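Here are the chains, one letter per residue:
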Amino acid sequence: MEERKGFKSTFGFLMAAVGSAVGLGNIWGFPNKMGSNGGFAFLLVYLVLAVVCGYIVMVGELAIGRKTGKSAIATYQTLSKKFKWLGWLATLSPFLILSFYCALGGYCIKYIVLNVGNLFGAAFGTNGLSGGEIFEAFMLNQTEGVVFGIIFLLITMFIVMGGVSGGIEKFCSVGMPALAVMLVVIIIRSCTLPGAVEGLKFMFVPNFAPLKENFLGVLATAGGQMFFSLSLGMGVMITYGSYLDKQKDITKNALVIVIFDTLVALMAGLAVLPAAFALDPGGKIGGPSLLFVTLQNVFDSMGGIGAVFGIIFYLLVTLAAVSSSISLLEVIVTHFCDKATEKGKGDKRKIYSVIAAAAAGVLCVLVCLDGLGYSGYWVPGRVLVDGAWQYTAMYNDCWLDFFDMLSEGIMMPLGALLMCLMIGYEIGPDVVRDEVEKSGGKMKTYGFFKICVRFITPLLMVMVLIGQIKDFFL
Ligand code: PHE
């Protein structure tokens, strides 16, 4: 049987895994959620969760993936009787996330083009319109939305076609260091603007009130953010683990991924919020409008050089988004490639990359046509009554929100919870230990892993799930 080609080096693997973790979630989700949920106090909750849930689930997923050397679907089928079907859930989540990730990635490309237009004073620049006007016009222009979304999806597809080492590893090994350099350039510019300190205060000043008033809410927000940000609770880390060779140290790599992802989230806060507070004090600080309205206003207000910073910034965000979306597509593609290889037909990677991208493209087009609800219809939970939107119990603003709720809000914490139960009670945590120890040496964190995977992580997961469901449906 043909050999499955995995990552060539530890550095390449780390860049790919960190690339998957670092994405839109870090750049707009984290700084804003941290700021509105208690600042430094939120960071503490997040860090505790990252250690007792994020790290544990990361080690578990990498280990079971590497043990079987198969896709997420086949991994669960091989290891478990009770959770055989869990791999399907772990493959459906990436599919849903991909739909809105590509739409948003497309917006980032559009904004690179917009800022190039500004640089040359071309007609495709902002032409004196405000960030809000530009964004609204773009959201209402369904053709443009779809075209940019598909460009982003095609970029993702071509990289995945290149394979794990030839496409994903190569792209991330260059892209991630480049992203770090650009981030530092933007941080320096942002933090040296007059008035920048307000943004830092928003993010970092500890405020324990939210924790006292609504602890479950803060826990759910931090938990959902952490899962999304670390690409956990779905097939990504199982799939990347399956391409990892036995010499690599799983526990060390898992720790590095968690640390880097958190660092980049904090750095993104330093890049984004001081500038937003300094130059667009009334601007919205969360969600897509932070990225595409508030920050575009910031770049416009810097004069000629603003376009250069705009290009660097949106390029950086696009890189972060591509390195995440390739991991999402890879989960689906790996499954079909493995199947084809088993049948002795070669992996047929190219054709499966096209089919998987086309299938994800259907949902992506829906999200693009919807334009964050500006021009969309039939969003679950939203009805038009006498010309105004009204919301039913299942609150959703747009298709993006709906897919996000299903994946990040429910499927990811649920997937992680069930995986912990499988490891903790069905196959036993020693299966993970044995796999980790294949690289030589003892698994020093085994005692901690065992207690967490059996008791602490599942309990916290249940609390996160309850908090999320309360948030969405009640
Ligand atoms: N971790 C990515 C982010 O923070 C999103 C993602 C989720 C990527 C799940 C892959 C899998 O934006």
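Residues numbered from 1 in each chain as written. Predicted model: local features only at pLDDT ≥ 70, side-chain atom pairs only at ≥ 80, totals over all residues. Heavy atoms only, no water.

A. Structural view of the overall build of the chain. The number of helices and strands found in the chain is 19 helices and two strands. With the principal axes as the frame, the chain shows a C-alpha extent of 60 × 55 × 50 Å. The buried share among the 474 residues of the chain stands at 60%. Considering only contacts within the chain whose residues lie at least 6 apart along the sequence, 80% involve residues at least 24 apart. As presented, the chain carries roughly 18100 Å² of accessible surface, and 68% of it is formed by carbon and sulfur atoms. Computing the positive centroid from 33 side-chain charges and the negative centroid from 30, the chain places the two 11 Å apart. (Helix = DSSP H or I, 4+ residues; strand = E, 2+ residues; numbered from the N terminus. Buried < 20%, exposed > 50% of the residue type's maximum accessible area, 1.4 Å probe, protein only. Contact = heavy atoms within 4.5 Å. Areas by Shrake-Rupley, 256 points an atom, 1.4 Å probe, with all protein chains shown as cover. Lys, Arg positive; Asp, Glu negative; His and termini not counted. Charge placed at Lys NZ, Arg CZ, Asp CG, Glu CD.)

B. Structural context of a positive patch on the surface. A cluster of basic side chains, namely K339, K343, K345 and K348, defines a positive patch on the protein surface. Here K339 lies in helix α15 (residues 304-342). (Patch = residues over 30% accessible without salt bridge, like charges linked within 9 Å, V, L, I, M, F, W, Y side chains within 5 Å. Salt bridge = Lys/Arg side-chain N within 4 Å of Asp/Glu carboxyl O.)

C. Examining the site of the ligand more closely. Around the ligand, the structure places 16 residues, and the nearest of them are A21, L24, G25, Y101 and F228. One nitrogen or oxygen atom from the side chain of Y101 is found 2.5 Å from an oxygen atom belonging to the ligand. Separating a nitrogen atom of the ligand from a backbone N or O atom of F228 is a distance of 2.8 Å. Coverage of the ligand by the protein chains reaches 100% of its 320 Å² of free accessible surface. More than half of the atoms of the ligand fall within 2 Å of the grid points belonging to the largest cavity. Residue assignment for the shell around the ligand shows that the elements contributing at least two residues are α1 (10-21), α2 (24-36), α11 (215-229) and α15. (Near = heavy atom within 4 Å. Polar contact = N/O pair within 3.5 Å; in protein donor to acceptor, adjacent residues only side chain to side chain. 1 Å grid on protein atoms, 1.4 Å probe; cavity = no way out; pocket = protein on both sides within 12 Å on 5 of 7 lines; lining within 4 Å. Sits in = over half its atoms within 2 Å of the grid points.)

D. Representation of empty space enclosed by the protein within the structure. Scanning the entire structure with this criterion turns up three cavities of 30 Å³ or more. What lines the largest cavity is a set of 17 residues, and nearest its centre among them are S20, Y101, F228, S231 and S324. If you list the elements that add at least two residues to the lining of the largest cavity, you get α1, α2, α5 (86-119), α11 and α15. Of the residues contributing to the lining of the largest cavity, the split by class is nine nonpolar, eight polar and no charged. (Points joined across faces, edges and corners; volume = space filled by probe spheres on them. Nonpolar A, V, L, I, M, F, W, Y, C, P; charged D, E, K, R; others polar.)

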